[in-house]
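If you want the building blocks of each chain, they are given just below.
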Amino acid sequence: MGNLRFLTAGESHGQALLGIMEGLPAGLPLHEDYIARELQRRQMGYGRGNRMKIESDRARILSGLRFGKTLGSPIALLIENKDWKNWQAKMSVAETDENVKPVTIPRPGHADLAGAVKYGQHDIRNVLERASARETAMRVALGAVAKRFLAEVNLHIVSHVVRIHSGNTNVSAVEQTAETAIAWEQVNEIADASPVRCLDQNLEKLMMATIDEAREAGDTVGGVFEAVALGVPVGLGSYVHWDRKLDARIGGAMMSIPAIKGVEIGWGFEAASRFGSEVHDPIGFNHAERKYCRATNHAGGLEGGVTNGMPVVVRVAMKPISTLMKPLDSVDMATKEKKPAHIERSDVCAVPAASIIGEAILALVMADAFLEKFGGDSMAETQANYEHWQQNVEQR
């Protein structure tokens, strides 16, 4: 990322997760309670594991604010791991005399084996602690900061689950037309009321039954979620270099979420099986509002790596969680003997939680692209630049 940069640190069962972000303008109102609500949303969802009963995440703001507003300096956040008290010996930062049994049997599908070989580790815990999706709690916290910024320029991020295992809904921001559009501004409120964050109540029951079936079988299930950016102006991103194309930046960022295996913008793979006349969105002009418009949004709000004024629609595929209660075959790295894979406390299904993480990731990328386009050291300057741009767009 360019204008908005962030880093995270911390292990799954370490003392805490830390995050630092720089690039936000001064004068943005921000409160810990706002971040806490987003972290709470991440912990919801049917199919989550026992870790969610232990942790009740809350991020402390350590720097970058004074009297409830950003200073323009780096923002530092800290989330304490409440389970740390049970792991102080196993995860000691200092040398220890404790006899800690190493993890030597990798899980298929996890970073265990590849990470251990790459970093020369003989204890897989040195890999799995950082590779764990626990790290995404901090990215949700940082994403909440980005969402708070975007709200000031009337840009909002929503998400919902469209598929768990084979149960699939047709409700999508890509398919909406002037006649069939739903109130996408209310999607998060509706989705959060569902145990699986699905907008289709009939499909919700099937999804929950599938999760129950997987739990009873000692198995796991994945799925697909859709994240949507609303109120996006024309002109974010660029077509001039590969690394400035906004769809590429969104795709790369989404793929950084653990267990994500596929990303598509708009119709994505569906477009490959259609004629061009079916895929592309005809262009019109709304004289009353003095702006270009589209009757459809198959492109998902992006053409040539640049936003076109329609909602940005991203669909993301998550594979089943790697830890199985009835583990697959593996090999003990210490003895090279065939053994069942290691079992780590885990979820049966984390797709609803992944949709919240996807919101955070989309918010981070969109905030970065917005600041890249409009700049500003203070919120007043950023908003003035944005308003000037909107006035210019109306004249084109």
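Everything in this summary refers to the structure shown in the same document. (Residues numbered from 1 in each chain as written. Predicted model: local features only at pLDDT ≥ 70, side-chain atom pairs only at ≥ 80, totals over all residues. Heavy atoms only, no water.)

1. As for the layout of surface pockets
Rule in force here: A pocket here means an open set of points on a 1 Å grid, computed over the protein atoms alone, that has protein on both sides within 12 Å along at least five of seven lines. A cavity is instead a set of points where a 1.4 Å probe fits but cannot get out; residues with an atom within 4 Å of a point line either one. Grid points are joined across faces, edges and corners, and a volume is the space filled by probe spheres set on the points. Here a helix means four or more residues in a row that DSSP labels H or I, a strand means two or more in a row labelled E, and each is numbered from the N terminus. Three classes are used: nonpolar for Ala, Val, Leu, Ile, Met, Phe, Trp, Tyr, Cys and Pro, charged for Asp, Glu, Lys and Arg, and polar for all others, with Gly counted as polar.
Roughly 1000 Å³ of internal volume is contained in the second largest pocket. Surrounding the second largest pocket, 46 residues form its lining, His110, Ala131, Ser132, Ala133 and Pro258 being those nearest its centre. If you list the elements that add at least two residues to the lining of the second largest pocket, you get α2 (51-54), α3 (112-119), α4 (125-131), α5 (136-152), β11 (260-265) and α10 (351-374). In terms of residues, the lining of the second largest pocket owes the most to one element, α4, which gives 6 residues. Taken together, the residues of the lining of the second largest pocket sort by class into 18 nonpolar, 14 polar and 14 charged.

2. Some points on the packing of helix α8 (residues 246-255) against α10
How we decide: For helices, the axis comes from a line fit to the C-alpha atoms of the stretch in contact; other axes are also lines fit to C-alpha atoms, and the angle between any two N-to-C directions lies between 0 and 180 degrees. The sense of a crossing depends on the near helix, which, turned anticlockwise from the far helix by less than a right angle, makes the crossing left-handed and, turned clockwise, makes it right-handed. In this analysis, two residues are considered to be in contact whenever any of their non-hydrogen atoms come within 4.5 Å of each other.
Running from amino to carboxyl end, α8 crosses α10 at an angle of 145 degrees, the nearest separation of the two axes being 10 Å. Considering the relative orientation of α8 and α10, their crossing is right-handed. Where α8 abuts α10, its residues Leu246, Arg249, Ile250, Ala253 and Met254 lie against Gly358, Ile361, Leu362, Val365, Met366, Asp368, Ala369 and Glu372.

3. Details of the environment of Glu226
Put simply, the test is: Buried, partly exposed and exposed residues are distinguished by accessible area as a fraction of the type maximum, computed with a 1.4 Å probe on protein chains only: under 20%, between the cut-offs, and over 50%, respectively. Counting of polar contacts relies on pairs of N or O atoms within 3.5 Å, with two restrictions inside protein: one atom must be capable of donating a hydrogen and the other of accepting it, and residues adjacent in sequence are counted only when both atoms are side-chain atoms.
Tracing the sequence through the fold places Glu226 in strand β9 (residues 223-230). Overall, Glu226 belongs to the buried group, its relative accessible area being 0%. For the pair formed by Glu226 and Ser172, sequence separation is 54 residues and the distance between their alpha carbons is 7.6 Å. Here the side chain of Glu226 touches Ser172 through a polar contact of 2.6 Å, side chain to side chain.

4. Focus on the pattern of salt bridges
Formally: For salt bridges, the criterion is a side-chain nitrogen of Lys or Arg within 4 Å of an Asp or Glu carboxyl oxygen.
In this structure the tally under the stated criterion is 31 salt bridges. Between Glu337 and Lys339 there is a salt bridge; the shortest N-O distance is 3.9 Å. For Glu337, a relative accessible area of 43% corresponds to the partly exposed category. With a relative accessible area of 30%, Lys339 lands in the partly exposed category. Where salt bridges share partners, they join Glu38, Arg41, Lys147, Asp192, Arg197 and Glu359 into one cluster.

5. Details of the pairing of strand β16 (residues 312-318)
The criterion, for reference: A pair of strands counts as paired when DSSP detects no fewer than two bridges linking them.
Burial runs high along β16: 6 of the 7 residues are buried. Relative to β16, β9 runs antiparallel, the two sharing 7 bridges. Within the sheet, the bridge partner assigned to Val224 lies in β16 and is Ala317. Bridging between β11 and β16 involves 5 bridges; their strand directions are antiparallel.

6. Structural notes on the nonpolar core
Stated formally: Buried Ala, Val, Leu, Ile, Met, Phe, Trp, Tyr and Cys residues that are joined via side-chain atoms within 4.5 Å together make up what is termed a nonpolar core.
Counting 77 residues, the largest nonpolar core has Ile35, Ile250 and Met366 as its most contacted members. Residue contributions to this core peak at 16 residues, all from α10. The contact partners of Met366, leaving out residues within four places of it in the chain, are Leu150, Ile157, Ala229, Val232, Leu236, Leu246, Ile250 and Val312. Core analysis: the second largest hydrophobic core is formed by 12 residues, Ala173, Val174, Ala191 and Trp267 among them.

7. What to know about the pairing of strand β7 (residues 156-164)
Burial runs high along β7: 7 of the 9 residues are buried. Sheet analysis places β7 next to β9, joined by 8 bridges and oriented antiparallel. Each residue of the ladder has a partner; that of Ile157, found in β9, is Ala229. Judged from the 2 bridges that link them, β7 and strand β8 (residues 167-168) form a sheet pairing that is antiparallel. Bridge pairing links Arg163 to Asn168 in β8. Hairpin connection of β7 to β8: 2 residues between the antiparallel strands, including His165 at a positive phi of 60 degrees.

8. Some points on the packing of aromatic side chains
For any pair of aromatic rings, the description rests on two quantities: the centre-to-centre distance and the angle between the ring planes. For clarity, the cut-off: Centre distance within 6.5 Å is the pairing criterion for rings of Phe, Tyr and Trp, where only the six-membered ring of Trp is used; planes under 30 degrees apart are then read as stacked, over 60 as edge-to-face, and the remainder as tilted. Charge-over-ring placement is defined geometrically: NZ (Lys) or CZ (Arg) within 6 Å of the ring centre, and within 35 degrees of the ring normal.
The full count for this structure, using the stated rule, is 6 aromatic pairs. Three or more aromatic residues link up through ring pairs in this structure, and these residues are Phe149, Phe370, Phe374, Tyr386 and Trp389. Above the ring of Tyr119, the side-chain terminus of Lys118 is found at 5.3 Å from the ring centroid. Over the ring of Trp389 we find Lys373, and its NZ or CZ is 3.7 Å from the ring centre.

9. A look at the sheet that holds β9
Working definition: the strands of a sheet are paired by backbone hydrogen bonds and lie parallel or antiparallel to each other. Taken in spatial order, the 5 strands of this open sheet run β8-β7-β9-β16-β11, and their pairing is antiparallel. Of all strands in the sheet, those bounded by a partner on one side alone are β8 and β11. On the sheet, helix α7 (residues 201-216) packs against β7 and β8 and is oriented at approximately 65 degrees with respect to β7. Running at roughly 145 degrees to β7, α10 makes contact with β7, β9 and β16 of the sheet.

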